[in-house]
Amino acid sequence: MTYETILVETFGAVTLITINRPKALNALNSQVCAELVRAFATFEADEAQGCAVLTGSGDKAFAAGADIKEMADKRAAEFFLADFFADWQSRLVKSTRKPWIAAVNGFALGGGCELAMMADFIIAADCAKFGQPEIKLGVAPGMGGSQRLTRAVGKAKAMEMCLTGRMMDAAEAERSGLVTRVVPLKELAEDALRTANLIASMPRMAAMVNKEMVNTAFETTLEQALVSERRLFQILTATQDKAEGMEAFIKKRPAVWQGR
Ligand code: CAA
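Residue positions within a chain follow its written sequence, with the count starting from 1. Local features are withheld for residues below a pLDDT of 70 in this predicted model, meaning they are given only at 70 or higher, and side-chain atom pairs are given and counted only at 80 or more; totals for whole chains, interfaces and linings count all residues. To get the side-chain values, all heavy atoms of the structure are used, and hydrogens and water are removed first.

## Considering the domain arrangement of the protein chain
Accessible area lost when the parts come together is the quantity often used to give the size of an interface. Where we set the bar: An automatic or database domain assignment supplies the start and end points of every domain. By the convention used here, residues are in contact when the closest approach between their heavy atoms is within 4.5 Å. Simply put, the buried area is the total loss of 1.4 Å probe accessible area from both parts when two parts are fitted together.
In terms of domains, the protein chain is made up of domain 1 (6-201) and domain 2 (204-251). On a C-alpha basis, the centroid separation for the pair domain 1 and domain 2 is 27 Å. Facing the 13 residues of domain 1 at the interface are seven residues of domain 2. Overall, the association of domain 1 and domain 2 removes approximately 800 Å² of surface from exposure, summing both partners, and the carbon and sulfur fraction of that is 47%.

## Overview of the sheet that holds strand β2 (residues 14-19)
This is how it is decided: We treat two strands as partners when DSSP finds at least two bridges between them. Only runs of H or I of at least four residues qualify as helices and only runs of E of at least two qualify as strands under DSSP, and these elements are numbered from the N terminus. Axes, fitted as lines to C-alpha atoms, cover a helix only where it is in contact. Angles between the N-to-C directions of the axes lie from 0 to 180 degrees.
Read from one edge to the other, the open sheet built from six strands follows the order β1-β2-β3-β5-β7-β10, with strand pairing classed as mixed. The sheet is open, and its two borders are formed by β1 (6-11) and β10 (181-183), each paired with just one other strand. Along the sheet, successive strands turn relative to each other by an average axial angle of 20 degrees, direction set aside. Across six bridges, the pairing between β1 and β2 is antiparallel. Pairing of threonine 10 across the sheet is with threonine 15, part of β2. Sheet strands in contact with helix α1 (residues 30-45) are β1, β2, β3 (51-56) and β5 (100-104), and its direction is about 180 degrees off that of β2.

## Section: the layout of surface pockets
Here is the rule: Using a 1 Å grid laid over the protein atoms alone, points where a 1.4 Å probe fits but cannot get out form a cavity; open sets with protein on both sides within 12 Å along at least 5 of 7 lines form a pocket; any residue with an atom within 4 Å of a point counts as lining. Grid points are joined across faces, edges and corners, and a volume is the space filled by probe spheres set on the points.
Here the largest pocket defines a volume of roughly 1100 Å³. Met118, Ala119, Asp120, Asn215 and Phe218 are the residues nearest the centre of the largest pocket, which is lined by 39 residues in total. Those elements that provide at least two residues to the lining of the largest pocket are α4 (86-95), α5 (111-118), β7 (121-125), α6 (145-153) and α10 (204-219). For the lining of the largest pocket, the leading source of residues is α10, giving eleven residues. Each of domain 1 (6-201) and domain 2 (204-251) contributes no fewer than three residues to the lining of the largest pocket. Taken as a whole, the second largest pocket spans an internal volume of roughly 470 Å³.

## Thoughts on the packing of α1 against α4
Stated precisely, the cut-off is as follows: We call two directions roughly parallel when the angle between them is under 35 degrees, roughly antiparallel when it is over 145, roughly perpendicular when it lies between 65 and 115, and oblique otherwise. By the definition used in this description, the sense in which the near helix is turned from the far one sets the handedness, with an anticlockwise turn below a right angle giving left-handed and a clockwise turn giving right-handed. Asp, Glu, Lys and Arg are counted as charged, while Ala, Val, Leu, Ile, Met, Phe, Trp, Tyr, Cys and Pro are counted as nonpolar; the rest, among them Gly, fall into the polar class.
With their axes 9 Å apart at the nearest point, α1 and α4 run at an angle of 20 degrees to one another. Here α1 is positioned roughly parallel relative to α4, judged by the angle of their axes. As for the relative orientation of α1 and α4, their crossing is left-handed in sense. Across from Cys33, Leu36, Val37, Phe40 and Glu44 in α1, the residues of α4 making contact are Trp88, Arg91, Leu92 and Ser95. The class makeup of the residues in the contact of α1 with α4 is six nonpolar, one polar and two charged.

## Remarks on the sheet that holds strand β6 (residues 107-109)
If you trace the four strands from one edge of the open sheet to the other, you get β4-β6-β8-β9, paired in mixed fashion. The two strands at the open ends of the sheet, each matched to only one other strand, are β4 (61-63) and β9 (168-169). Pairing analysis gives three bridges linking β6 to strand β8 (residues 129-131), with the strands arranged parallel. Residue pairing for β8: leucine 109 is matched across the bridge by glycine 131. Where α5 meets the sheet, its contacts fall on β4, β6 and β8, and the angle it forms with β6 comes to roughly 95 degrees.

## Let's talk about the pattern of salt bridges
Formally: Whenever a carboxyl oxygen of Asp or Glu lies within 4 Å of a side-chain nitrogen of Lys or Arg, that contact is scored as a salt bridge. Residue exposure (1.4 Å probe, protein chains only): buried if accessible area is under 20% of the type maximum, exposed if over 50%, otherwise partly exposed.
In the structure shown here, the tally under the stated rule is 14 salt bridges. Where aspartate 67 meets arginine 21, a salt bridge forms, and the shortest distance between an N and an O atom there is 2.9 Å. Here the residue aspartate 67 occupies a position in the loop between β4 and α2 (68-71), and arginine 21 occupies one in the loop between β2 and α1, the gap between them amounting to 46 residues. You can call aspartate 67 buried: its relative accessible area is 8%. The salt bridge partner of arginine 194 is aspartate 191, with a shortest N-O separation of 3.7 Å.

## Side note on a nonpolar patch on the surface
Note the cut-off: Excluding any residue in a salt bridge, patches collect residues exceeding 30% relative accessible area, merging like charges within 9 Å and nonpolar Val, Leu, Ile, Met, Phe, Trp and Tyr side chains within 5 Å. Method for areas: the Shrake-Rupley scheme with a 1.4 Å probe, in which residue coverage is limited to the protein chains shown.
Together, Ile68, Leu137 and Val139 give the surface a local cluster of nonpolar side chains, amounting to about 270 Å² of exposed area. Counting through the fold element by element, valine 139 comes out in the loop between β8 and α6.

Below you can see the structure in the form of structure tokens.
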């Protein structure tokens, strides 16, 4: 599989995907979006892969947003008729059932912030900056920013950030619950890959189900989510890995997972 705007490497059971347009601060043009969809589909289909990490090349940006130069001449009808941002986003989020982490190494603005928030969680470098500055371009978030940011940090901060376009630094992002933790930039890749490797070493179906369960908390009522949680738990009890995990615990030996 060849790519021009992203790099894809595997480290054991972990896929590392790097957006690679550093001169444009990794802005998300349509080629990047299409290649990300392909790379995530390949990761999802590869049984040997258990977790992915998405990051940006260089030490300045994860992604500075949707590509403004590509959008500048497009008119409303083109955006509307193509349902701009719908297809690639739903394919990335809905079709990737395996866990993936965003390792944010600098600016995550507009679509970049939105892309990071599509991940299952975010690990941020100390230099990371998050924002939804679309208002300064005369528009508004279009890839989920107004919704996922509000769910992540609450109405007050999300509203202020969307209305003023101000950036949130890594420390504030951690305090606000937007990111899991902050690490020095030079340790970011290692930390994210180590975490991804740990997740990839877990029983595969249980990892996918845990991801689905936590995401359900954002998508439905508590009552429905609790039913869904119980049913998914009950389904997992039918797996070989459930039998192995519980037997290994009782016999005080390491479990050997089948991913089934
Ligand atoms: N699209 C296209 N090109 C971009 C870009 C973007 N989102 N962000 C940066 N670039 C380009 C710049 O045009 C510049 O290219 P040239 O060298 O050819 O001029 C290069 O990347 C470096 O950028 P700067 O010179 O601006 O770097 P800086 O350090 O002075 O500033 C920055 C960094 C504050 C991130 C600034 O680049 C910036 O404000 N970028 C735009 C951020 C933004 O508005 N993002 C939202 C986009 S809209 C969106 O994402 C819609 C949505 O909801 C999906």
